[in-house]
Amino acid sequence: MALNNPGSGSPKRPPRPANDIAISCRATNPISINDDLGKVFLDENQAKATTATRLFRNDEIFNAITKVVMPGFFSATRSKFAMWSTGCSSGEEVYSMAMIALTEIAKSKRSPLLEVFGTDINSSRIEEARSGFYGRPSRDAFTPNYWRILEKYAEIDSNSVTMGSKLRSICKFKLFDMRNCPKKHFFFFIVCNHVLQYYDSDGQQHILRNLKAVLNPGGFLYLEGITTAGLEGSGLVKEGSIPNLYVCS
Ligand SMILES: C[S@@+](CC[C@H](N)C(=O)[O-])C[C@H]1O[C@@H](n2cnc3c(N)ncnc32)[C@H](O)[C@@H]1O
């Protein structure tokens, strides 16, 4: 979990809004792992314990959204832009992706339906994500541009950051193990950041098959921590301009 350098004192968590419970992600079958799949986890306890994350953590993901993914989406003339952060921990990555996409959509003068899903195997991190409530990051935690975006979409006070209602209606969180295959939901962009290193190459290949099964044609995958062996047989190729960004060949 990341508390982005909270200021003095602990922020007081606001009451959870009514719509926070409703999750429309149709990814189902949470946490049903058969023995074979269980073996591909290199260290289950370590993966569960390592939930560090923070707002606007990884520029590469946001550059991918602005420079490659959204231009690709707009040229595909689809009406729904759905993104998924697998292994999202307490949700900061999901809200950050949504803020960047909202900013790009505003610039484009188009109005696609935006959905951003976050999933994790850690139930307390998912609860935190749903609350949309975090410690206030220090001023130098990220660039002035990201601060301007955060100020637009979240409420910031001296100790805390609370995601605004627009973000909370767009971002949905669910307890889900990506070793299971999600059902009937399709994404234009899937992000798997700081997770795959916990799996051996068989595990990485298995997870990639699950992710590819719900990727829109022409969509993109951001895969940090994948090995050459993990990519084997996936049919994914590097996009080229952004490190760790892949397209289906
Ligand atoms: C280090 S955090 C990364 C958080 C965020 N993606 C980021 O980069 O800031 C790794 C997260 O992956 C989650 N995780 C590990 N294996 C998973 C799996 N099979 N399905 C879903 N989440 C998983 C862990 O619970 C943890 O919260």
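Keep in mind that what you see is a predicted model, and the values were worked out from it rather than measured. (Residues numbered from 1 in each chain as written. Predicted model: local features only at pLDDT ≥ 70, side-chain atom pairs only at ≥ 80, totals over all residues. Heavy atoms only, no water.)

Colleague: How do you make sense of the overall build of the chain when you look at a structure like this?
Modeller: Along its length, the chain carries nine helices and 10 strands. Among the 249 residues that make up the chain, the fraction classed as buried is 52%. Partitioning the contacts of the chain with sequence separation of at least 6, the portion at a separation of at least 24 is 79%. As presented, the chain carries roughly 11,200 Å² of accessible surface, and 51% of it is formed by carbon and sulfur atoms. (Helix = DSSP H or I, 4+ residues; strand = E, 2+ residues; numbered from the N terminus. Buried < 20%, exposed > 50% of the residue type's maximum accessible area, 1.4 Å probe, protein only. Contact = heavy atoms within 4.5 Å. Areas by Shrake-Rupley, 256 points an atom, 1.4 Å probe, with all protein chains shown as cover.)

Colleague: What exactly am I supposed to notice about unusual backbone geometry here?
Modeller: Glycine aside, residues mostly have negative phi angles, and peptide bonds mostly take the trans form. In the Ramachandran plot, F56 falls in the positive-phi region, its phi being about 50 degrees despite a non-glycine side chain. Mapped onto the secondary structure, F56 falls in the loop between α2 (44–49) and α3 (59–75). F56 sits in the buried class, given a relative accessible area of 3%. Phi at H194 takes a positive value of approximately 60 degrees, unusual for a residue other than glycine.

Colleague: Just checking my understanding: could you explain the packing of α3 against helix α4 (residues 92–108) for this structure?
Modeller: Helix packing for two helices is described by the angle between their axes and how far apart those axes are. Contact pair α3 / α4: the axes reach a minimum separation of 10 Å and the direction vectors enclose 50 degrees. Between α3 and α4, the angle is such that the two are oblique. Seen from above, α3 lies across α4 with right-handed handedness. Counting all contacts with α3, which are made through I61, F62, I65, T66, M70 and F74, the residues of α4 involved are E93, S96, M97, I100, A101, E104, I105 and S108. (Axes fitted to C-alpha atoms, helices over the stretch in contact; angles between N-to-C directions. Parallel < 35°, antiparallel > 145°, perpendicular 65-115°, else oblique. Left-handed = near helix turned anticlockwise from the far one by under 90°.)

Colleague: Could you clarify how one ought to interpret the sheet that holds strand β8 (residues 215–223) in this entry?
Modeller: In a beta sheet, neighbouring strands pair by backbone hydrogen bonds and run either parallel or antiparallel. Reading across from one edge, β6-β2-β1-β7-β8-β10-β9 is the order of the seven strands in this open sheet, with mixed pairing throughout. At either margin of the open sheet sits one strand with a lone partner, and together these are β6 (171–175) and β9 (236–238). Each neighbouring strand pair of the sheet contributes to a mean axis angle of 25 degrees, computed without reference to strand direction. Looking at chain direction, β9 and strand β10 (residues 245–248) are connected through three bridges and run antiparallel. Paired with V237 across the bridge in β10 is V247. Packed onto the sheet, helix α8 (residues 201–212) meets β1 (80–86), β7 (187–192), β8, β9 and β10 and runs at close to 145 degrees relative to β8. (Pairing = 2+ DSSP bridges.)

Colleague: Would you take a moment to explain the site of the ligand for this structure?
Modeller: In the vicinity of the ligand lie 21 residues, with T53, R57, D120, H194 and Y199 positioned nearest. Contact with the protein chains hides 99% of the accessible area of the ligand, taken as 610 Å² for the molecule alone. Taken together, the residues that form the shell around the ligand break down as eight nonpolar, eight polar and five charged. (Near = heavy atom within 4 Å. Nonpolar A, V, L, I, M, F, W, Y, C, P; charged D, E, K, R; others polar.)

Colleague: What am I meant to see in the packing of aromatic side chains here?
Modeller: Aromatic ring pairs: the centre-centre distance and the angle between the two ring planes describe each pair. Inspection of the entire model under this criterion finds 16 aromatic pairs. Grouped by ring-pair contacts, the aromatic residues F56, F62, F142, Y146 and W147 constitute a single cluster. Cation over ring: R139 sits above W147, and NZ or CZ is 4.2 Å from the ring centre. (Phe/Tyr/Trp six-rings, centres within 6.5 Å; stacked < 30°, edge-to-face > 60°. Lys NZ or Arg CZ within 6 Å of the ring centre and 35° of its normal.)

Colleague: Looking at this model, I keep getting lost on the nonpolar core. Mind explaining?
Modeller: Considering soluble globular proteins, one finds that nonpolar side chains tend to be buried as a cluster. Residues F56, M99, L150, M163 and F189 are the most contacted members of the largest nonpolar core, which totals 49 residues. Once residues lying within four places of it in the same chain are set aside, the contact partners of M163 are L55, Y95, M99, G132, Y134, L150, Y153, A154 and R168. Ranked by size, the runner-up nonpolar core spans 23 residues in total, among them M178, L211, I226 and L236. (Core = buried A, V, L, I, M, F, W, Y, C linked by side-chain atoms within 4.5 Å.)

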